[in-house]
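Coordinate analysis (summary)
Residues per chain, in single letters:
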Amino acid sequence: MANIVIVGTQWGDEGKGKVVDLLAEFADIVVRFHGGNNAGHTMVVNGEQFISHLIPSGILQKKTCLIGNGTVIDPEVLIEELDYLKSRGIDVGLDKLMISEKAHIIMPYHKQIDIAREKMKGDKKIGTTGRGIGPSYEDKATRRGIRFVDLIDPEVFREKVKTILEEKNFYLKEYLSSNPLDLDDIIDKYSEYAEILAPFVTNISLIISRAIKEGKQILFEGAQGTHLDVDHGTYPYVTSSNTVAGNACAGAGIGPKEITGVIGIVKAYTTRVGQGPFPSELFDETGDILQKKGAEFGATTGRRRRCGWLDTVILRNSVRLNGLSGLAITKLDVLGGQKFLKICTGYEYDGKIINDFPANLNILSACKPVYETIPGWPEDISNIRKLEDLPQNTKNYLDRIEELAETPIQIISLGPAREETIILSNPFS
Ligand code: GDP
Ligand code: IMO
Ligand code: MG
């Protein structure tokens, strides 16, 4: 029996959706444990592309999908996603989706505050997705959040929104010069959402615990990436939740001894959306080639992703912070055709080489990447399905990643589709 956590090792968009969809075949339950619709996870099955923001990426494998207490949920987006899946032929019934009663709700003021704050910050903005994620986690921490248990109780919901709205409207109007919101409008809209979503709301922790006792296998789907973690990332250019594997426990309501493995998803190069330091970022033609060939546009906001070489300083940081037991290398096909590839192995700062990721952003921003250059491969490798059939230079690149990360590669992804993959060692077997 195995219970596996999937996390992004970089700054998000590593291909978590693809790997979760692939591995969901071997799991009984797939759980999202943090974040919200800032995430955009892409799956390609039978030539069709699906993007999920909230519903776990196990849904196409028809697995039971759970949304944990550690998430922040915009009910409007969740309902839209249910409708979207239905329009694509996937009916998500009560046996397929369950939402934690303790998950927090994203309210209209969260979204408005997120957007107005970013506008006010000008070029000091974080580059958030504008989905209200930060303001919602902020209310959770200050104990003014509204949870699914509140949403589905009309009296409690009205009382809570009434109390908090006074303060939010003051802040919106007087500090952010934004429009105040109307209580009745919110209640009317959210009562409709409550009616649709109430049947899905339950105790997720209990469901997972029972399933584990019955010998079922659980896949925990991380969102964002390790360097967007609110504690361990490039703070303040991060998201507002813990993205590391440890949060699968807190965000789903299980104990650490249940987790049997952690797979870190590593894009074969690096990308980042939004602001914040990125030592191996490329500003030249190679960066443009990776961006175009890798179709590097955000799955949530459509923003162009910044691109750079693989950075093994952040990879080693991820190995430690998540306790990675294995790696899945994605988008290796995108590197085909490069004469040479560079791997960042350390940073140069103030005349010295540093190998650990600095917490001080002024230091990080002044770090220059130290590169190792290795020969690339001219071939298109996207149709290869066996490790031994890969060009020698591709194998050398993979070997060097394994060596630098001191962690075995278990999965190699060579294209967006489910089948464009080589599984070297299945985490569920
Ligand atoms: P996630 O947020 O980590 O799930 O990643 P996204 O879905 O936001 O971004 C990854 C993008 O790369 C998506 O468009 C995927 O379809 C695509 N993708 C995933 N794996 C591969 C791969 O191995 N090769 C190529 N070319 N594309 C991939
Ligand atoms: P997935 O799960 C890439 C980034 C935003 C911004 C910062 C804070 O698809 O990998 P937020 O809206 O969370 O307050 O924004 O975090 N960000 C992501 N970048 N992939 C994601 O998710 C992201 N979720 C948030 O661009 O820089
Ligand atoms: Mg994404």
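Basis of the calculations
Residues numbered from 1 in each chain as written. Chains lettered and ligands numbered in written order. Predicted model: local features only at pLDDT ≥ 70, side-chain atom pairs only at ≥ 80, totals over all residues. Heavy atoms only, no water. Near = heavy atom within 4 Å. Polar contact = N/O pair within 3.5 Å; in protein donor to acceptor, adjacent residues only side chain to side chain. Areas by Shrake-Rupley, 256 points an atom, 1.4 Å probe, with all protein chains shown as cover. Helix = DSSP H or I, 4+ residues; strand = E, 2+ residues; numbered from the N terminus. Nonpolar A, V, L, I, M, F, W, Y, C, P; charged D, E, K, R; others polar. Domains from an automatic or database assignment. Core = buried A, V, L, I, M, F, W, Y, C linked by side-chain atoms within 4.5 Å. Buried < 20%, exposed > 50% of the residue type's maximum accessible area, 1.4 Å probe, protein only. Contact = heavy atoms within 4.5 Å. Buried area = accessible area lost by both parts, 1.4 Å probe. Salt bridge = Lys/Arg side-chain N within 4 Å of Asp/Glu carboxyl O. Donors = N, O, S within 2.8 Å, 3.2 Å for Na, K, Ca; no water. Axes fitted to C-alpha atoms, helices over the stretch in contact; angles between N-to-C directions. Left-handed = near helix turned anticlockwise from the far one by under 90°.

This paragraph deals with the site of ligand 1. Around ligand 1, 19 residues are found, and the nearest of them are Lys16, Gly17, Thr42, Asp333 and Ser413. Contact between ligand 1 and Lys331: an oxygen atom at 2.9 Å from a main-chain N or O atom of the residue. Its free accessible area being 590 Å², ligand 1 has 92% of it covered by the protein chains. Those elements giving two or more residues to the shell around ligand 1 turn out to be helix 1 (16-24) and strand 3 (41-45). Top contributing element to the shell around ligand 1 by residue count: helix 1, with three residues. A class-by-class count of the residues in the shell around ligand 1 yields four nonpolar, eight polar and seven charged. When residues of the shell around ligand 1 are assigned to domains, at least three fall in each of domain 1 (3-100 + 201-261) and domain 3 (266-423).

Turning our attention to the nonpolar core. Val5, Ile208, Phe220, Leu327, Ile329, Leu332 and Tyr397 are the most contacted members of the largest nonpolar core, which has 53 residues in total. Residue assignment places this core across two domains, with domain 1 (3-100 + 201-261) and domain 3 (266-423) each supplying three or more. Discounting chain neighbours no more than four positions away, the residues touching Ile329 are Val266, Ala268, Leu398, Ile401, Ile409, Ile411, Ile412 and Ser413. Membership of the second largest hydrophobic core comes to 43 residues, among which are Ile73, Ala103, Ile164 and Ile187.

As a further point, take the domain arrangement of the protein chain. Domain parsing of the protein chain yields domain 1 (3-100 + 201-261), domain 2 (104-197) and domain 3 (266-423). For domain 1 and domain 3, the distance between their C-alpha centres works out to 23 Å. Each partner contributes to the interface: domain 1 provides 34 residues, whereas domain 3 provides 39 residues. Taking both partners together, domain 1 and domain 3 bury about 2,900 Å²; carbon and sulfur atoms supply 61% of that area. Our enumeration of links across domain 1 and domain 3 arrives at two salt bridges. Ionic pairing is found between Arg305 and Asp13, a salt bridge with its closest N-O pair at 3.0 Å. Looking at the side of domain 1 that touches domain 3, the elements that each hand over two or more residues are helix 1 and strand 3. With five residues, the top contributor of residues to the side of domain 1 that touches domain 3 is helix 1. The class makeup of the residues in the side of domain 1 that touches domain 3 is 16 nonpolar, 14 polar and four charged.

A separate point is the coordination of the magnesium ion (ligand 3). Within the first shell, the magnesium ion (ligand 3) binds the protein through Asp13 (OD) and Gly40 (O), at distances of 2.0 to 2.2 Å. With Asp13 in the loop between strand 1 (3-8) and helix 1 and Gly40 in the loop between strand 2 (29-32) and strand 3, this residue pair connects regions lying 27 residues apart in the sequence. The exposure class of Gly40 is buried, given its relative accessible area of 11%.

With that out of the way, let us pick up the packing of helix 6 (residues 154-175) against helix 7 (residues 183-197). Relative orientation of the contacting elements helix 6 and helix 7 amounts to 145°, with a least axis distance of 10 Å. When the axes of helix 6 and helix 7 are compared, the crossing they make is right-handed. Contact residues: Phe157, Arg158, Val161, Lys162 and Leu165 in helix 6; Leu183, Asp184, Ile186, Ile187 and Tyr190 in helix 7. Looking at the contact of helix 6 with helix 7 residue by residue, the class counts come to seven nonpolar, no polar and three charged.

Evaluation of the coordinates by the stated rule reveals 22 salt bridges. Close ionic contact of Asp21 with Arg418 constitutes a salt bridge, the shortest N to O distance being 2.7 Å. You can see Asp21 sitting in helix 1 and its partner Arg418 sitting in the loop between strand 19 (409-413) and strand 20 (421-423), a full 397 residues away along the chain. Note that Lys111 is salt-bridged to Asp74, the shortest N-O span being 2.8 Å. In this pair, Lys111 sits in helix 3 (residues 108-121) while Asp74 sits in the loop between strand 6 (72-73) and helix 2 (75-87), placing the two residues 37 residues apart along the sequence. Here Asp74 falls in the buried class, since its relative accessible area comes to 1%.

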